[in-house]
Amino acid sequence: MYRTFTCGELRLADAGKTVTLAGWVQRIRKMGGMTFIDLRDRYGITQLAFNQGTEAFEKANGLGREFVLQVTGKVIERQSKNAQLPTGEIEIEVSELRVLNPALTPPFTIEDESDGGDDLRMKYRYLDLRRSCVRKNLELRHKFAFEVRRYLDEQGFLEVETPVLVNSTPEGARDFIVPSRMNPGQFYALPQSPQTLKQLLMVSGFDRYFQIVKCFRDEDLRADRQPEFTQIDCEMSFVEQEDILNMFEGLSRHLFKAILGLDLPKLPRMTWADAMKYYGSDKPDTRFDMKFVELHDIFHAAEEKKPEAERFSVFANAAYIGGICAKGCAVYTRKQLDQLTDFVRRPQIGAKGMVYARIEEDGTVKSSVDKFYGQETLQAVAHEMGAEKGDLLLILSGDDAMKTRKQLSELRLEMGRQLGLRDPKKFSCLWVIDFPMYEWSDEEQRLMAMHHPFTSPKPEDIPLLDTDPAAVRANAYDMVINGVEVGGGSIRIHDAQLQEKIFEILGFTPGGLAYGLDRFVSLFAGLDSIRDCIAFPKNNQGRDVMLGAPGPVDQIQLDELLLDVRKPNK
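Here is what the cut-offs are and how they apply
Residues numbered from 1 in each chain as written. Predicted model: local features only at pLDDT ≥ 70, side-chain atom pairs only at ≥ 80, totals over all residues. Heavy atoms only, no water. Core = buried A, V, L, I, M, F, W, Y, C linked by side-chain atoms within 4.5 Å. Buried < 20%, exposed > 50% of the residue type's maximum accessible area, 1.4 Å probe, protein only. Helix = DSSP H or I, 4+ residues; strand = E, 2+ residues; numbered from the N terminus. Contact = heavy atoms within 4.5 Å. Pairing = 2+ DSSP bridges. Axes fitted to C-alpha atoms, helices over the stretch in contact; angles between N-to-C directions. Polar contact = N/O pair within 3.5 Å; in protein donor to acceptor, adjacent residues only side chain to side chain. Arc of directions from axis to C-beta. Parallel < 35°, antiparallel > 145°, perpendicular 65-115°, else oblique. Left-handed = near helix turned anticlockwise from the far one by under 90°. Nonpolar A, V, L, I, M, F, W, Y, C, P; charged D, E, K, R; others polar. Salt bridge = Lys/Arg side-chain N within 4 Å of Asp/Glu carboxyl O. Phe/Tyr/Trp six-rings, centres within 6.5 Å; stacked < 30°, edge-to-face > 60°.

Asker: Describe the nonpolar core, listing the residues and the values that go with them.
Answerer: Membership of the largest hydrophobic core comes to 37 residues, with the highest contact counts inside it found for Phe144, Leu152 and Phe248. Mapped onto this core, the elements with two or more residues apiece are helix 4 (132-154), strand 9 (208-216), strand 10 (228-236), helix 6 (241-260), strand 17 (429-433), strand 20 (476-481) and helix 15 (517-525). Among the elements that line this core, the one with the most residues is helix 6, at eight residues. In this structure, Leu152 is in contact with Phe157, Phe210, Ile232, Cys234 and Phe248, ignoring residues within four places of it in sequence.

Here it is as structure tokens:
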């Protein structure tokens, strides 16, 4: 046998056995008449001991990091035990050493705390994957996908693979297109999701479908988005929204229990309107409180009592005024408050400024707008916000209520981060329901489907399609965990006349849901980026720096496709 045990398997009970191991050299230590090597494979690390005067000892002194070895020797009790390793009570007294492959010195250390930066580790991703912390993320991903399949199979779902080369769709994100050699001037597209195909499976009578599927979207990247991503795509026939929520809440409970050993309580449900009112986000992070409090009425009442020349125009003319109460933060210095002001003024957030107020130990309220408002108004604000001695109030205002809420949401998240309230080991899950059917597009100057054009409206809102379509709510739902949307879906329209009323008929389209597997796994692993749970990810420019993709192709290939590419983008 090439190896009789792995490098994470042997224990003190195996002492006296002659064994064969294979793996990579993690580190080498020379101590007088002995050489020690830590041998690593996917399963762990075992210490090798080489005694002076043996042939194996001479060979060991010529090794370097990441050499690939096969060794045979006797398991003995280790004199200097290592409690940090499962194999730390034993070592292998090596009698035979075979170098399977030498190695150049790696460009960074293959350790959990590596000295390689992100760009370097992505360039040599095949080396980065040897680190145990990265390997554990992929093992978690494997177990996650396995448990998804187990649960859905038990619930009667059938896994069906759909094509990767499909037609281009004008709606949604940009497609990645693939030229067809056999059909000159025509193109395939890589699927943004199996949306149409899974609905056709429902038409075909496959009433419960799922697929762990690759999807592709040519859009700007960020920490939770890659140009290619993995989706747990599901569809069900003959169901209502309650059936969908219960089914996939069950999947989430199963995953939390099977993978993390946690019992997930019943998920609360929050309407989209409440999510925006209290958190300024349709994916609220509910690990901590700090809900928004609207202060428009208090400040406008105060402004109406003053002569126009004495009014605080920032509030007097605002369409929205709202704030958050940061408990125990009255101790924030002026420098810290200025930094928060700079934070909300960043172009990505776009606020014009921030008003703050401290609740002093004697109960008085000291604010950055003291010259505009007396204690009566400030005390009313403190009372409305449930503030106590030692608390800090942070207030934003603006001409556009929705934009200002989103700015306040960013400030809330930043305060949660500064106060250590966004613990990655704590999980807060909920359903966000009752999304608007449509949202206004400034770019298109028209109402657009918030989810997709086949989402069913709530039955009680159907009459509003003729009178006030912007007020129509959809049978749509998102699952949110720790402020991350991990999945979402809707009940499809199956009434031809209703579909005709909204857009045009697209066959029989029941209800479904899709989870982002990458996002879900990254939450379980406590990662800030989905990239760290993907074996071969792209960077923020959508490039694979290890393979050098995308890149130019031979002119012969372009000629076969009848394409003329003379000035490739750089």
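Additional details are given in the paragraphs that follow.
Asker: Kindly report on the sheet that holds strand 4 (residues 68-77), identifying the contributing residues and their values.
Answerer: If you trace the five strands once around the closed barrel, you get 1-2-3-5-4, paired in mixed fashion. Across the sheet, the mean angle from the axis of one strand to that of its neighbour is 55°, orientation sign disregarded. Sheet topology places strand 3 (residues 44-51) next to strand 5 (residues 90-101); two bridges connect them, and they run parallel. Following the sheet pairing, Ala49 is matched in strand 5 by Glu93.

Asker: I'd like a description of the side chain of Thr455, backed by residues and values.
Answerer: Looking at where Thr455 falls in the secondary structure, it is placed in the loop between strand 19 (446-449) and helix 13 (464-467). In terms of polar contacts, Thr455 uses its side chain to reach the side chain of Ser490, at 3.3 Å.

Asker: Give a description of helix 8 (residues 296-304) that names residues and reports values.
Answerer: Considered for burial, the residues of helix 8 that qualify are Phe299, His300, Ala302 and Glu303. Viewed along the axis of helix 8, the buried residues span an arc of 155°, placing them on a single side of the element. In helix 8, the exposed residues that point more than 90 degrees away from the buried face are Asp297 and Glu304.

Asker: Explain the packing of helix 4 against helix 6 residue by residue, including any values.
Answerer: Packing of helix 4 against helix 6 leaves a shortest axis separation of 10 Å and a crossing angle of 135°. Classified by the angle between their axes, helix 4 and helix 6 sit oblique to one another. Here the hand of the crossing between helix 4 and helix 6 comes out right-handed. On helix 6, the residues that touch Leu140, Lys143, Phe144, Glu147, Val148, Arg150, Tyr151 and Leu152 of helix 4 are Met247, Phe248, Gly250, Leu251, His254, Leu255, Ala258 and Ile259. For the contact of helix 4 with helix 6, a count of residues per class yields eleven nonpolar, two polar and three charged.

Asker: Which residues make up the sheet that holds strand 12 (residues 293-294), and what values do they have?
Answerer: Strand order in this open sheet of five strands is 12-13-16-14-15, and the pairing throughout is antiparallel. Each having just a single partner strand, strand 12 and strand 15 (365-367) make up the two edges of the open sheet. Two elements, strand 12 and strand 13 (residues 320-326), share two bridges in a ladder whose sense is antiparallel. Residue Val293 lies in a different strand from strand 13, and its bridge partner there is Gly323. Contacts between helix 11 (residues 375-384) and the sheet are confined to strand 12, strand 14 (355-359), strand 15 and strand 16 (392-398), with strand 15 contributing the most and set at about 100° to the helix.

Asker: Give me the pattern of salt bridges: which residues, what numbers.
Answerer: Within the structure shown, the criterion is met by 38 salt bridges. Salt-bridge contacts for Glu139 lead to Arg42; the nearest nitrogen and oxygen are separated by 3.7 Å. Remark: Arg42 occurs in the loop between strand 2 (34-41) and strand 3 and Glu139 occurs in helix 4; sequence separation between them is 97 residues. Note that Glu228 is salt-bridged to Lys214, the shortest N-O span being 3.4 Å. Here the residue Glu228 occupies a position in strand 10, and Lys214 occupies one in strand 9, the gap between them amounting to 14 residues. Classification of Glu228 as partly exposed rests on a relative accessible area of 24%. Overlapping salt bridges bring together Asp118, Arg121, Arg125, Asp128, Arg131 and Arg531 as one network.

Asker: Describe the pairing of strand 20, listing the residues and the values that go with them.
Answerer: When you tally the buried positions in strand 20, you get six out of six residues, the bulk of the element. The two faces of strand 20 match: Ala476, Asp478 and Val480 on one face and Tyr477, Met479 and Ile481 on the other face are all buried. Of the pairings in the sheet, the one linking strand 17 to strand 20 comprises five bridges and is antiparallel in character. Across the sheet, the residue bridging to Trp431 is Met479, located in strand 20. As paired elements, strand 20 and strand 21 (residues 484-490) share six bridges and run antiparallel to each other. Its bridge partner lying in strand 21, Asp478 is registered against Gly488.

Asker: Can you break down the environment of Gly353 residue by residue, with the values?
Answerer: Along the chain, Gly353 falls in the loop between helix 10 (334-345) and strand 14. Take Gly353: its relative accessible area is 25%, and that puts it in the partly exposed class. Setting aside anything within four residues of it in sequence, one finds Gly353 in contact with Thr341, Val344, Arg345 and Leu396.

Asker: Pulling in residues and values, what's your account of the packing of aromatic side chains?
Answerer: All told, the structure shown has 15 aromatic pairs when counted by the stated rule. Measuring from centroid to centroid gives 5.3 Å for Phe256 and Phe427, while their planes differ by 80°, and the two rings are edge-to-face. Of this pair, Phe256 sits in helix 6 while Phe427 sits in the loop between helix 12 (401-418) and strand 17, placing them 171 residues apart in sequence. What links up through ring pairs into an aromatic cluster is the set Phe144, Phe256, Phe427, Phe520 and Phe524.

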